[in-house]
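# Per-entry structural report
Here is what each chain is made of, one letter per residue.
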Amino acid sequence: MAVERTLSIIKPDAVEQNHIGEIVAMIEAAGLKVKAMRMTHLSRPQAEGFYYVHKERPFFGELVEFMTRGPVVLMCLEGEGAIAKWREVMGATNPAEAAEGTVRKRFGSNIGENASHGSDATETAAFEVSYFFPGYDL
Ligand code: CMP
């Protein structure tokens, strides 16, 4: 399997509830490498640009509101099959449907406030990593 890079976000709900360390520990326990990491408070334009593919969705306003309400932790993860692996560690988008022991099951509240984000494919991973880590020599 190819070595890939993917973007991970620890969302405002998980940061507020002091789960940064536990989530990073889960990432490392899965064998993924944290290649870059930064804590920031997203501006509205940054969140809107990041989620532009969802701009026509009815939940877009709510999503941007949530993602800008407090700090987030941005990470570039690397490893064999990193995109699928991080999604497996996160669990299903809706915490109610996520498997036991996953990030979203443990720390998410509902489909909107679901503790973490991960890129869903090779192309989106390339866009998302460069969106937040432009020009980094990863
Ligand atoms: P994420 O992986 O960050 O990608 C897009 C986000 O939109 C998703 O996680 C959810 O948090 C959010 N989302 C998806 N569907 C809904 C929904 N029906 N209502 C509110 N938020 C949603």
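Provided above is the structure to which this section pertains.
Note that this is a predicted model, so its numbers are computed, not measured.

### Quick look at the layout of surface pockets
In this structure, the largest pocket occupies an estimated 650 Å³ of space. Forming the boundary of the largest pocket are 29 residues, of which Lys11, Tyr51, His54, Leu63 and His117 lie nearest the centre. Contributing elements (two or more residues each) for the lining of the largest pocket: helix H4 (60-67), strand E4 (116-118) and helix H7 (122-132). Here the residues of the lining of the largest pocket are counted per class, giving nine nonpolar, 10 polar and 10 charged.

### Here we look at the environment of Asn94
With respect to the helices and strands, Asn94 occurs in the loop between helix H5 (82-90) and helix H6 (103-107). Asn94 sits 10 residues away from Arg104 along the chain, and the two C-alpha atoms are 7.5 Å apart. Filtering out sequence-adjacent residues up to four positions away, Asn94 remains in contact with Asn110 and Ile111.

### Here's the deal with the packing of aromatic side chains
One pass over the full model with this rule turns up six aromatic pairs. Relative to Phe127, the ring of Tyr52 has its centre 5.6 Å away and its plane inclined at 75 degrees; by these criteria the two rings are edge-to-face. In this pair, Tyr52 sits in the loop between helix H3 (44-50) and H4 while Phe127 sits in helix H7, placing the two residues 75 residues apart along the sequence. Note on Tyr52: relative accessible area 42%, which makes it partly exposed. Classification of Phe127 as partly exposed rests on a relative accessible area of 32%. An angle of 85 degrees between the planes, with centres 4.9 Å apart, marks the rings of Tyr131 and Phe132 as edge-to-face. The exposure class assigned to Tyr131 is partly exposed, which follows from its relative accessible area of 26%. Judged by its relative accessible area of 3%, Phe132 is buried. Three or more aromatic residues joined by ring pairs make a cluster, and in this case those are Phe50, Tyr51, Tyr52, Phe127, Tyr131 and Phe132. Positioned over the ring face of Phe133 is Arg38, at 5.4 Å from the centre of the ring.

Basis of the calculations
- Residues numbered from 1 in each chain as written.
- Predicted model: local features only at pLDDT ≥ 70, side-chain atom pairs only at ≥ 80, totals over all residues.
- Heavy atoms only, no water.
- 1 Å grid on protein atoms, 1.4 Å probe; cavity = no way out; pocket = protein on both sides within 12 Å on 5 of 7 lines; lining within 4 Å.
- Points joined across faces, edges and corners; volume = space filled by probe spheres on them.
- Helix = DSSP H or I, 4+ residues; strand = E, 2+ residues; numbered from the N terminus.
- Nonpolar A, V, L, I, M, F, W, Y, C, P; charged D, E, K, R; others polar.
- Contact = heavy atoms within 4.5 Å.
- Phe/Tyr/Trp six-rings, centres within 6.5 Å; stacked < 30°, edge-to-face > 60°.
- Buried < 20%, exposed > 50% of the residue type's maximum accessible area, 1.4 Å probe, protein only.
- Lys NZ or Arg CZ within 6 Å of the ring centre and 35° of its normal.

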